[in-house]
Structure formats: C-alpha cells, structure tokens
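Residues per chain, in single letters:
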Number of protein chains: 2
Amino acid sequence: MSVIYNKVALIGLGLIASSMFWAMKRGGVAGEVTGYARSEATRDTARRIGLCDRVCDSAAEAARDADLVVLCVPVGAMAQVAQDIAPVLKPGATVTDVGSVKQSVIDAVAPHIPEGVHFVPAHPMAGTEHSGPESGFAELFDNRWCLIVPHGAEAEATTRLEQFWQALGAQTEQMDVGHHDQVCAVVSHIPHLIAYTMVGVADDLNRVSDQEVIKFSAAGFRDFTRIAASDPTMWRDVFLTNKDATLEILGRFTEELFALQRAIRTGDGDQLFDYFTRTRAVRRGIIDAGQDTAAPDFGRGGPKKA
Amino acid sequence: MSVIYNKVALIGLGLIASSMFWAMKRGGVAGEVTGYARSEATRDTARRIGLCDRVCDSAAEAARDADLVVLCVPVGAMAQVAQDIAPVLKPGATVTDVGSVKQSVIDAVAPHIPEGVHFVPAHPMAGTEHSGPESGFAELFDNRWCLIVPHGAEAEATTRLEQFWQALGAQTEQMDVGHHDQVCAVVSHIPHLIAYTMVGVADDLNRVSDQEVIKFSAAGFRDFTRIAASDPTMWRDVFLTNKDATLEILGRFTEELFALQRAIRTGDGDQLFDYFTRTRAVRRGIIDAGQDTAAPDFGRGGPKKA
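Going by what an unreviewed UniProt entry lists, chain A is known as prephenate dehydrogenase and is assigned to Pseudooceanicola nitratireducens. Taken from UniProt, the Catalytic activity (unreviewed entry) comment for chain A reads in full: "prephenate + NAD(+) = 3-(4-hydroxyphenyl)pyruvate + CO2 + NADH". Under the Sequence similarities (unreviewed entry) heading, UniProt states for chain A: "Belongs to the prephenate/arogenate dehydrogenase family."

**Q** What exactly am I supposed to notice about the pattern of salt bridges here?
**A** Close approach of charged atoms allows side chains with opposite charge to pair. A full pass over the atoms with the stated rule returns 44 salt bridges over all chains. For Arg252 of chain A, the salt bridge is made with Asp204 of chain B, and the minimal N-O distance between the two is 3.4 Å. With Arg252 of chain A in helix α11 (residues 243-266) and Asp204 of chain B in the loop between α7 (177-203) and α8 (210-215), the pair connects residues from two separate chains. Between Asp237 of chain B and Arg236 of chain B there is a salt bridge; the shortest N-O distance is 3.0 Å. Here Asp237 of chain B falls in the buried class, since its relative accessible area comes to 6%. The exposure class of Arg236 of chain B is partly exposed, given its relative accessible area of 22%.

**Q** Help me understand the side chain of Asn242 of chain B, please; the structure alone is not making it clear to me.
**A** Mapped onto the fold, Asn242 of chain B is located in the loop between α10 (232-241) and α11 (243-266). Those residues within four positions of Asn242 of chain B in sequence are excluded, and the remaining contacts are Val101, Asp181, Ala185 and His189 of chain B.

**Q** What is the right way to read the nonpolar core from this model?
**A** In globular proteins that are soluble, nonpolar side chains generally tend to be buried together. By size, the foremost hydrophobic cluster in this structure holds 92 residues, and its most contacted members are Phe224 of chain A together with Phe224 of chain B. Core analysis: the next-biggest nonpolar cluster, separate from the first, contains 40 residues, Tyr5, Val120, Ile148 and Ala157 of chain B among them.

**Q** What exactly am I supposed to notice about the side chain of Arg283 of chain B here?
**A** Here Arg283 of chain B is to be found in helix α12 (residues 269-288). Within the local environment of Arg283 of chain B, its side chain forms a polar contact with the side chain of Thr225 of chain A, the two groups lying 2.9 Å apart. Those residues in contact with Arg283 of chain B that lie beyond four places of it in its chain are Glu129, Arg222, Thr225, Arg226 and Ala229 of chain A together with Asp292, Thr293 and Phe298 of chain B.

**Q** How should the UniProt feature "domain: Prephenate/arogenate dehydrogenase" (unreviewed entry) in chain A be read in this particular structure?
**A** The UniProt record annotates "domain: Prephenate/arogenate dehydrogenase" (unreviewed entry) at residues 6-294 of chain A. From the first C-alpha to the last, residues 6-294 of chain A spans 40 Å; its make-up is 52% helix and 13% strand.

**Q** I tried to follow the packing of aromatic side chains on my own but got confused; where do I start?
**A** Aromatic rings in a pair are described by how distant their centres are and how their planes are angled relative to each other. Summed over the entire model, instances satisfying the criterion amount to 19 aromatic pairs over all chains. Relative to Trp165 of chain A, the ring of Phe141 of chain A lies with its centre 5.0 Å away and its plane at 80 degrees, an arrangement referred to as edge-to-face. Within this pair, whereas Phe141 of chain A is found in the loop between β7 (122-125) and β8 (145-148), its partner Trp165 of chain A is found in helix α6 (residues 155-167), the two being separated by 24 residues in sequence. Taken together, Tyr5, Phe141, Phe164 and Trp165 of chain A form an aromatic cluster joined through their ring pairs. Across from the ring centre of Phe298 of chain A, 5.2 Å away, lies the NZ or CZ of Arg226 of chain B, which sits over that ring. The residue whose ring lies beneath Arg278 of chain B is Tyr275 of chain B, and the NZ or CZ to ring-centre distance is 4.8 Å.

**Q** Sorry, what's going on with the interface of chain B and chain A here?
**A** Facing the 110 residues of chain B at the interface are 110 residues of chain A. Buried surface at the junction of chain B and chain A, both sides included, amounts to about 10,500 Å², of which 68% is carbon and sulfur. Together, Phe216, Ile264 and Phe276 of chain B form the three largest contributors to the area buried by chain B at its contact with chain A, with a combined 7%. Of the charged contacts in the structure, one is a salt bridge between Asp223 of chain B and Arg226 of chain A, with a shortest N-O distance of 2.8 Å. Applying the counting criterion to the chain B and chain A interface returns 34 residue pairs in polar contact (both at pLDDT 80 or more). Each residue belonging to the side of chain B that touches chain A can be placed in one class, and the counts come to 55 nonpolar, 27 polar and 28 charged.

Cut-offs and rules
- Sequence order as written defines the numbering, with residues in each chain counted from 1.
- Note on labels: chains are lettered from A, ligands numbered from 1, in written order.
- Only residues with pLDDT of at least 70 get local features here, since the model is predicted, and only at 80 or more are side-chain atom pairs given and counted; chain-wide, interface and lining totals rely on the full set of residues.
- In computing side-chain values, all of the structure's heavy atoms are included and hydrogens and water are not.
- UniProt positions are given in the numbering used here, feature names are shortened, and annotations may be inferred rather than shown by experiment.
- Should a side-chain nitrogen of Lys or Arg be within 4 Å of a carboxyl oxygen of Asp or Glu, the pair is scored as a salt bridge.
- In this description a helix means any DSSP run of H or I spanning at least four residues, a strand means any run of E spanning at least two, and both kinds are numbered starting from the N terminus.
- Each residue is placed in one exposure class: buried if its accessible area under a 1.4 Å probe, protein chains only, is under 20% of its type's maximum, exposed if it is over 50%, and partly exposed if it falls in between.
- Residues count as neighbours in contact if any of their non-hydrogen atoms are within 4.5 Å of one another.
- Take the buried residues of types Ala, Val, Leu, Ile, Met, Phe, Trp, Tyr and Cys, join any two whose side-chain atoms come within 4.5 Å, and each joined set is a nonpolar core.
- Under the rule applied, a polar contact is a pair of N or O atoms within 3.5 Å (in protein, one hydrogen donor and one hydrogen acceptor; residues adjacent in sequence only if both atoms are side-chain atoms).
- Only centres within 6.5 Å qualify two rings of Phe, Tyr or Trp (six-membered ring in Trp) as a pair; their planes then separate them into stacked at under 30 degrees, edge-to-face at over 60, and tilted for everything else.
- Sitting over a ring, as applied to charges here, requires NZ of Lys or CZ of Arg to be within 6 Å of the ring centre and within 35 degrees of the ring normal.
- By buried area we mean the combined loss of accessible area, with a 1.4 Å probe, across both parts when two parts are placed together.
- Just so you know the grouping, Ala, Val, Leu, Ile, Met, Phe, Trp, Tyr, Cys and Pro go in nonpolar, Asp, Glu, Lys and Arg go in charged, and all remaining residues, Gly too, go in polar.

Structure, rendered in structure tokens:
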C-alpha cells in the first residue's frame, strides 16, 4: 500500500475515528495522523493507547498543514469545529466528515470552507454498539460501504477520498445528498429509533419486570438491544438533523404496523402469513451480498452451520 | 446422565424438535425417540439424516407407548394433533408442547387429554431464523430458559419435565399462564412483529431500491432481518392466538413511538437524548446475565473484544 494523504487530522476520537486510525496504520495509508478530542479525558486515553501519532490540544492545531481533515464529531458539533479549523486549512487540502446525515452537515460546514480547500462529505456505513476512543479496530470498514456525496467537489479530490476509503477496507459509492439522507433513514435511522423504542417500552412495563425481560431476551428482544445501546449524542443529532426523511419513513412504518395490528385484531391469518413470507427474501439478499453471516443466531453460539 | 423418559415422541419435526432430538442424544436423556411430521418430505428427510430412532407415518403411531409426547407443531395445529394421539396415550404418560403461546395451547389441547395422563405445557425460549428438520443442533437450549406452565398438573410430572429440560441444557422456571403470554408478547412477539414490519417497509419503498437496502444494511437494518426471517406459519399462529397481549404491548409501543416522533418534529433533543441513554442499561443487563455476547456487532466479524 502507499500513502494517499501525507498528513491526516482526525477531529473527534470516537469509534469511527479510532477505527480509521488503526485501519490507516494497517494499510500504510497516511504519513502522520494527528488527532483532537474536546474532552481532556479522551485526549489522555488516546495518548495512553497510542491512538494518533500526535494528539493535539485544539482542533486547529491538529488540522494545521493537514492534507485531509476528517470531522468525526456528532452532526450537531460540525459547524463549530468547521469554524475552529477554517483559518488554518492549507490550500489544496480536503475536508471530509463521517456524519450519518449529509444535507445538514453540508449546511453546517460548507460556509466555513475557505476558497481553495475541497469539501467532500462522506459517510462510512459501519459501526458497533460501542463508543469512545478505545472501541475502534482496524477491520471495522472491511467490506462495508462508504457513501461519498461530492456535492460539487472537484473530481480529483473526490477520487482521492474514494481511494482513501478503499485503502481502509471499504467499498465506495457516490450518492446525491437527498437520496443519501433518505436511504439512511430506511437502513439506519428508523431501525435505530424503533429499537430504542422497543427497549424503552420493555424497560417501562410494570407487569413484566426488567429482570424477566433480561432473562428471557433470547426469544427475539435481544436483537434490538444492540443498536439501542449506540451512542445517544450521535443519535439525538441524527434525528434532529434528518427530520424530514425520518418522519416520512416513520409514517410509512406506522401505516404498515397499523395494517398488521388490524390483521391481528380481525384474525386475518392470510395477511399475516403473506407478510411474514416475503420478508425472508430480504434476509437472503443480505447474506448473498456478504453483508451478514448465514450462521444461525448471528453465529453467537452453537455450531457455525449455514 | 441418565434416562429421564424411556420413550419420547416428537410430533412435528422442525427446528425445536430436531434440536431436542440431538440434545437428548447428547445427554442420554431418552431411551427411544420416535418422530412424526405431517409432510412426507419432512419424514423422508428425517429418515435420511437419522433424526429420531424411528420415524412414524402417523402421530398416533409415534405417540403409542410414549412416556413423554412433545407437541412441536405450530400453535394452530395443536388441537388436531392432540385429538389424533388421545386414543393411544398411555396411563401415566406426560404430554407437553413447545408453543410460544400458552393459554391458547391449553384451550386447544387440555380437552383431549384422557384421565390419568399428565399435561404440562412448556415453552423453550430459544430459536434461530432457520426452520425445518435439518436446522436443529444439540446446543440450541444451552443456557437458555424453558418456561414451564404447570396449570394444575401434578407436581411429580412437572418436576420430571423440568429435569428433562435441564438435561437438554436449559434453565427452567415455572410461570402462570397469563403472565407467560404477556412476558412473551414483550420479549418475543412484538419484537418479531416490529422486525417484520421494518423489513416489509424497506422492501416496499419506491425511492430506495431493494438493492440499496441490502447493500447498506450493516448500518442497523440487518439486525432486524434475522428474526424477520423466522417461520411464517409459526408466527402467524402466535399473533392469532396471543391477540390480547400482543395488541396491548403494541399499543404501548406505538404510544412511545409517537412521543419520540413528536420530539423529532418539535426538535426536543433533551427528550431524545434521555430516552437513548436509559436503553443502554438494558443491553448491559442482558450481557451480564449471559444472554448475549459483549463482542461488538454480535461478534459477526472483526476482533472479539469486549
């Protein structure tokens, strides 16, 4: 592998940034990697575990002279960070981000980007339920997708960012900003909201205790708890900033749910059976596309048979 | 281990029955195990793979002389099977089932149980998204819970069934029938309904293609697709027969979802943040109770760090 950006700055040092660092080291993708986190505790942890070649005490210090600056903070913090680093950005540098929402990030960041600096929004579609500087690992992006939303950026800067993500293990695809926000509402934002809601309901019942919910969770419930354990700040910002798309998909979801509820109430077994049958094909597609394991129960335990 | 029932009959040969067979063999829990499935193809498969010591061509033939008869058919098929085996049941034998709903199974089965035969309903809370006679494996019940709903059965027969399930690897707990159906609505039935709905919505959108949903599913959606690939007949029957409890929990779910929807619409970030924070504790409880892995992403890929 060869160096794609000589100097990379990671602003924000959570799951995504720390995984990017280890993946950059694995691939020899960057010369020097600097890092900054707002919290002093996070910076101390980063220094202790060797996360980043140099941990800086301000975003501007980390971004100075960088060829690539990656904004890895929650979507709601993007504007402030963009403003902080704007004065030190090097001509010809590229600024990118890893936010789960793109229109809102563009609105927040683009006005601060100086003439001669490229801004190429991106969204690596990978994560786990763990957060913070110690949660990262080099393999996080392997075989996952990173969506690139050029939004008018120069082709050369866009291509280079795609090569960078591919060197971190990801596949890349360019997407229009509006379509991005809608796709993500479907495959990510609403699933998270629903999982949070289901876990919240179970936690809040009087007649079924938390201990019972926990003990008997293997019957289905526990699949929801993983994504409902994701970072609360990040997800708050996602819903505040992708409001239109999430409300639209949520409307579709409740409409379908009410149709199934009615089928339960009226005892319409055929409707339930037909609905439950067609959803099997989607699972098969995901396994065939290499995006999940065919082992039963996510391969959590038992034999790894397909 | 020692034999707990000399002769066991499995009526229905899907995931649960086939896993019970392999677990009985592993533990030396039964003398002879007979089996019956309505479909000739399933019976042929069972004979081919050595599932059951003897595969019979009728439920009555399989149940004749059995010390334990386990009804492993969808809830909606329980009444017919109970009627078919009733004439051959041996005095002192125990009939049990593995249905996900208990009041409805009791209503369907109890009237057919002859004097002198014990009926002890049970529900092993384990499963995978795979179905059929070839999907079973001996470890399915290890460290999972099997709920026993004695419903007036003799203590001795109940205790023996608990020992049987413990010998298959499960932990057992006795529960009242009404409470069982409510607990299962929360930890299993409504999570499945919601997962089916989310997958159905994603499959049904015009502006986001199925291929996009599949490609980008690692962002959260794919966690839903596992349980939405479960057996459609079984789940149809669950909702038709646990109507009251599922409609009640569904009402609670939509109420909470509307509250979060309103928070998104009005931009109430504090409410979203608070909600997303408290759900983390439930996940931690499930991991501490040994009911799921702490490895990121269910340990699907990447390093197995906690």
